[in-house]
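Topology and contacts: notes
Residues per chain, in single letters:
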Amino acid sequence: MKKMCFLFVIVALSACGNKGEQTGQSPQSITVKMSIVDKGASRWYHSLFWDVETNALATRNRAEVDIDATQERYTQPLALSLCLKEPVTEAPEGEEVQIAFKPAVYTELHRDSMLTTYKRRYTAHVNDEASLSTVWYAEYLNGERCSAEHIEFFVTGDTVYSLNYPDIWGFTPEGLSFCFADKNVKEVSANYRVYYDVYAIKRIGMRADNWAWVCRLASEEMPLQVDKAGNYTLPKVRALSLSKSDREAMEAMRDEAIQGWEEFMGISMGEAPYIYDFDSYMVTLNVKYNDGTERDYTHLATAMYLEP
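Keep in mind that what you see is a predicted model, and the values were worked out from it rather than measured. (Residues numbered from 1 in each chain as written. Predicted model: local features only at pLDDT ≥ 70, side-chain atom pairs only at ≥ 80, totals over all residues. Heavy atoms only, no water.)

1. Comments concerning the nonpolar core
Using the following cut-off: Throughout this description, the term nonpolar core refers to a set of buried Ala, Val, Leu, Ile, Met, Phe, Trp, Tyr and Cys residues connected via side-chain atoms within 4.5 Å. Between buried and exposed lies partly exposed: a residue is buried under 20% and exposed over 50% of the maximum accessible area for its type, with that area taken using a 1.4 Å probe on protein chains only. Where helices and strands are cited, they refer to DSSP runs of H or I of at least four residues and of E of at least two residues respectively, numbered from the N terminus. Should any heavy atoms of two residues lie within 4.5 Å, those residues are counted as being in contact.
In this structure, F153, Y196, L217, Y232, L240 and Y276 are the most contacted members of the largest nonpolar core, which totals 56 residues. Looking at which element gives the most residues to this core, the answer is strand β19 (residues 274-289), with eight residues. Those residues in contact with Y232, other than ones at most four positions away along the chain, are L132, L176, S177, F178, F180, L224, Q225, V226, V283, L285 and H299.

Take a look at the structure:
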């Protein structure tokens, strides 16, 4: 299950070749062209917490992760994006309809001056040579660790899953930097897609009780910049763009979803505004090696939030 609220936990932006903070840098903010698709299997992580068999499979596929617990302080403030995104405006743009979201939540890492925060590098082993890494943080009080690990990795073949798993609050991987590394790499290029589920809601809270699933949205495939060291940063989504026909179809699906929900629950859903539930970034990494061979890896970056 998931959770929606303001965040008190913070994630870190960094990359393989850069042990320092990325001061003065900010992730790209984009408008993403989306279309309606069937509900697909990329919601792999979310099923972990609903299905015992799938959860057992995930446990077997948990990645081997090295944690570099450095004494380097982490001080950089970050803008975080909530898993649940509420639209604030909707406007026609030619043959498209643009749906803008509320902005990310800005917060400081050091809310409590008594805590000391250190950087940690997490390196997940994809196979004997390849790895995917990111920088996180750990908070200490009087020399004792007082923050949980908020990221997990799983590996299935050439697919690596990174999961933001909050202690209290939920946030997306937007703005996070990752690094792909392997031996004898000549060049790494990447494309990505982003996925959302759309719901009509009676109120924020327990999803099974108050949410009616409308449809699933997927973006077109877009290029993602990867530097020579294998570093890439996931952009932040400020708005979605839908064709007019898809927007009309989504409204019809919303009416059907609300009708079905009301018949099942026996009560009215009321105005039932839309909520856009972030699912994942699906990054395809094309790796060219010095010997002329190529290999594709998939990084599915997803997130969870918890409900009370």
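Once the structure has been displayed, the description carries forward.
2. Description of the side chain of S177
Among the secondary structure elements, S177 is positioned in strand β13 (residues 177-181). The exposure class assigned to S177 is buried, which follows from its relative accessible area of 2%.

3. Here we look at the environment of E96
Where we set the bar: In protein, a polar contact means a hydrogen-donor-capable atom and an acceptor-capable atom, both N or O and within 3.5 Å, with residues adjacent in sequence counting only if both atoms are side-chain atoms; elsewhere, any N or O pair within 3.5 Å suffices.
With respect to the helices and strands, the residue E96 is situated in strand β6 (residues 96-101). Between the C-alpha atom of E96 and that of L240, which follows or precedes it by 144 residues, the distance is 9.9 Å. There is a polar contact of 2.8 Å between the side chain of E96 and the side chain of K33.

4. Focus on helix α4 (residues 244-265)
Condition: By definition here, a helix of n residues has an expected span of 1.5 Å times n minus one. The arc in question is the one traced by the directions running from the helix axis out to the C-beta atoms.
Relative to the 32 Å expected for 22 residues at 1.5 Å per residue, α4 spans 31 Å between its end C-alpha atoms, a close match to the ideal helical length. Of the residues making up α4, those classed as buried are D246, R247, M250, R254, A257, I258 and W261. Looking straight down α4, one finds its buried side chains confined to an arc of 115 degrees; they lie on one side. Of the residues in α4, the exposed ones pointing more than 90 degrees away from the buried face are E248, E256 and E263. Of the residues one or two after α4, G266 is the one with positive phi, at around 75 degrees.

5. Focus: unusual backbone geometry
Keep in mind that most residues, glycine aside, have a negative phi and that most peptide bonds are trans. For N142, which is not glycine, the phi dihedral falls at a positive 55 degrees. With respect to the helices and strands, N142 occurs in the loop between β9 (131-141) and β10 (144-145). Assessed through its relative accessible area of 72%, N142 is described here as exposed. Although it is not a glycine, N184 adopts a positive phi angle of roughly 60 degrees. Note on placement: N184 falls in the loop between β13 and β14 (185-201). Taking the relative accessible area as the measure of exposure, N184 reaches 53% and is therefore exposed.

6. A look at the packing of aromatic side chains
The condition that has to hold: By convention, a stacked pair of Phe, Tyr or Trp rings (six-membered ring in the case of Trp) has centres within 6.5 Å and planes under 30 degrees apart, an edge-to-face pair has planes over 60 apart, and any other such pair is tilted. Over a ring means this: the NZ of a Lys or the CZ of an Arg is within 6 Å of the ring centre and within 35 degrees of the ring normal.
Under the counting rule described, the total for this entry stands at eleven aromatic pairs. Linked through ring pairs, F101, Y192, Y196, Y274, Y276, F278 and Y281 together constitute an aromatic cluster. A cation over a ring is seen here: R254 above Y274, with NZ or CZ 5.3 Å from the ring centre.

7. Details of the pairing of strand β12 (residues 159-164)
Just so we agree on the cut-off: In this description, strands pair whenever DSSP reports at least two bridges between them.
Within β12, six of the six residues are buried, which leaves the element mostly enclosed by the surrounding structure. Taking every second residue as pointing to the same face, both faces of β12 are buried, with T159, Y161 and L163 on one and V160, S162 and N164 on the other. Relative to β12, strand β11 (residues 151-156) runs antiparallel, the two being bridged by six bridges. Each bridged residue has a counterpart across the sheet, and for I151 the counterpart in β12 is N164. The turn linking β11 back onto β12 is made up of two residues, and G157 within it adopts a positive phi angle of 60 degrees.

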